[in-house]
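Inside the fold
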Amino acid sequence: MIPSAHRPVIALHGGCGVMSRALLSEDEWVAACADMRKALEAGYAILSAGGSAVAAVEACVTVMEDSPHFNAGYGAALNASGQHELDASIMDGATVQAGAVAGAQAVRNPVRLARKLMEQSIPMMLAGPAADAYAADHGLETVPQSYFTTPRRAEALATMRAHDRLGTFASESEKHGTVGAVALDCDGNLAAATSTGGFTNKAVGRVGDSAIIGAGTYARNGVCAVSCTGQGEQFIRHVVAHEIAARIRYEDRPLADAARAILAEAFTPHGIGGGVIAIDQRGTISAEFNTEGMFRGWIDADGVLFVATHRDSECTLG
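Residues numbered from 1 in each chain as written. Predicted model: local features only at pLDDT ≥ 70, side-chain atom pairs only at ≥ 80, totals over all residues. Heavy atoms only, no water.

Right, let's talk about the pattern of salt bridges for a bit. Side-chain pairing between opposite charges can occur once the charged atoms of the two side chains come close. Applying the stated criterion to the full structure yields 14 salt bridges. A salt bridge links Arg 37 to Glu 41, with the shortest nitrogen-to-oxygen separation between them at 3.0 Å. Separated by four residues within a single helix, Arg 37 and Glu 41 lie in helix α1 (residues 26–48), roughly one turn from each other. Exposure remark for Glu 41: the relative accessible area of 37% places this residue in the partly exposed category. For Arg 247, the salt bridge goes to Glu 243, with nearest N and O atoms at 2.7 Å. (Salt bridge = Lys/Arg side-chain N within 4 Å of Asp/Glu carboxyl O. Helix = DSSP H or I, 4+ residues; strand = E, 2+ residues; numbered from the N terminus. Buried < 20%, exposed > 50% of the residue type's maximum accessible area, 1.4 Å probe, protein only.)

An α-helix turns once per 3.6 residues; consequently, residues spaced three or four apart project the same way. Buried within helix α4 (residues 128–137) we find Gly 128, Ala 131, Asp 132, Tyr 134 and Ala 135. Along the axis of α4, the buried residues cluster in a sector spanning 160 degrees; they form a single face. For α4, exposure combined with an orientation more than 90 degrees from the buried face picks out Pro 129 and Asp 137. Here the buried face of α4 lies against β3 (98–104), α3 (110–120) and β4 (125–127). (Arc of directions from axis to C-beta. Contact = heavy atoms within 4.5 Å.)

So, about the packing of aromatic side chains. This structure, assessed with the given rule, holds six aromatic pairs. A ring pair is formed by Phe 70 and Phe 295, whose centres lie 5.3 Å apart and whose planes are at 85 degrees; its orientation type is edge-to-face. Separated by 225 residues along the polypeptide, Phe 70 in the loop between α2 (53–65) and β2 (86–92) and Phe 295 in strand β11 (residues 293–299) bring together distant segments of the chain. Take Phe 70: its relative accessible area is 1%, and that puts it in the buried class. Consider the rings of Tyr 147 and Phe 148, whose centres lie 5.2 Å apart with planes at 75 degrees: the pair is edge-to-face. A residue is classified by how much of its surface remains accessible, and Phe 148, at 0% relative accessible area, is buried. (Phe/Tyr/Trp six-rings, centres within 6.5 Å; stacked < 30°, edge-to-face > 60°.)

Inspection of every chain in the model, using the stated rule, returns two cavities of 30 Å³ or more. The calculated volume of the largest cavity comes to roughly 80 Å³. Lining the largest cavity are 13 residues, with Thr 178, Thr 196, Gly 198, Arg 206 and Gly 230 sitting closest to its centre. Considering only enclosed or pocket space, the second largest cavity measures out at about 50 Å³ in volume. Looking at the second largest cavity, the residues that line it are Tyr 218, Arg 220, Val 223, His 242, Ala 245, Ala 246, Arg 249 and Tyr 250. (1 Å grid on protein atoms, 1.4 Å probe; cavity = no way out; pocket = protein on both sides within 12 Å on 5 of 7 lines; lining within 4 Å. Points joined across faces, edges and corners; volume = space filled by probe spheres on them.)

This part is about the pairing of strand β1 (residues 9–16). When you tally the buried positions in β1, you get eight out of eight residues, the bulk of the element. Here β1 runs beside strand β5 (residues 179–184); their pairing, made up of five bridges, is antiparallel. Of the residues in β5, the one forming a bridge with Ala 11 is Val 182. Inspection of the sheet shows β1 paired to β11 by five bridges, in the antiparallel sense. Note that in β11 the partner of Ala 11 across the bridge is Trp 298. (Pairing = 2+ DSSP bridges.)

Set out below in structure tokens:
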């Protein structure tokens, strides 16, 4: 039974520019959709028991990081040197406290490290070996690099290197991917979290928007919670997650309108793919993207679960 007047809501994305049906087997599509459902149910179980939005988005993203079907944690993209560098962040809308990690190479679940940093307050963000050392010192699981590598990510790196040699263009799904979650809890608190392996064949040391509060992740009570996916540099340039919140807060714009407008202004005219998942203080959900599709799903205020991949398509989950 929900313990307060607020009805909990949770939503997630698993990256925009989802792969063509021709590139994944039916079993892989079913498994990816099932993992999105599992992630939503993990977060919603916390919310429906009266738990915090922060705990819910952490749980949701952790499931996605443990799935081989998304570009975060296990199954993360490989950089130009054939290594994994992981970025993540989390933000509590009630306190505007946040934590972030960039370029980690050993922590199994970067979102858990981000939350640990948020709780410690200072430092709020750590990068590279220092992030992994902090994780180990604070009891978080670390793993060898080989843990993160899947055959599909190795194939993607080879494909991207071939594009570079031939001077051809890669699709959105070949280039990047991200996972993220936003939630509203029974106390009316908002939270957001984002995690990624970056884009395939990225420069060593490159950090994208998923680690940057205000760019790829933002939450503020009374306004909204946002998690972004797409070309990170463009999200950083336009501080997209915060920009959406600012348009709602200062211009009183509806959530979907604010999200749709920034994509139309900063991404679509430049041929850049992007997407966002967001929730406002009333529990309204927005999933906006300008690509062929975006892995996305939610459990709304009525407890109804929805999961989809491409535009106007819904997964059949049984």
